[in-house]
Amino acid sequence: MSDLEKAWGQFFLYAKALQKREPERYLYLAVRQSTADIFFKEEVGELLLSEPGFRLLVFNETTQEIVKWQPSIPL
């Protein structure tokens, strides 16, 4: 949990800095599918997902495939 809390804080700091320098780019927090399956089903995880500006990429660590983008990548 503390690793994810640290990553969350870093994500928002980096996202704000990126927004000022390159507003056309988006920052995503990447997490393993096993982590997402546990954490984002809990209340604190749902709170994070509802945070404006939060972007999530979930990947399968075995197949090395992206299984979820939230929100989806802009085209």
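Computed from a predicted structure; not experimentally measured. (Residues numbered from 1 in each chain as written. Predicted model: local features only at pLDDT ≥ 70, side-chain atom pairs only at ≥ 80, totals over all residues. Heavy atoms only, no water.)

**Thoughts on the sheet that holds strand β1 (residues 29-32)**
Stage number 1. Taking strand neighbours across the sheet as the criterion, the three strands line up as β1-β2-β3 in an open arrangement whose pairing is mixed. The sheet is open, and its two borders are formed by β1 and β3 (65-70), each paired with just one other strand. Averaged over all pairs of adjacent strands, the angle between strand axes in this sheet comes to 25°, irrespective of strand direction.
Stage number 2. Sheet topology places strand β2 (residues 56-60) next to β3; five bridges connect them, and they run antiparallel. Bridging from a neighbouring strand, Phe59 pairs with Ile66 of β3. (Pairing = 2+ DSSP bridges. Helix = DSSP H or I, 4+ residues; strand = E, 2+ residues; numbered from the N terminus. Axes fitted to C-alpha atoms, helices over the stretch in contact; angles between N-to-C directions.)

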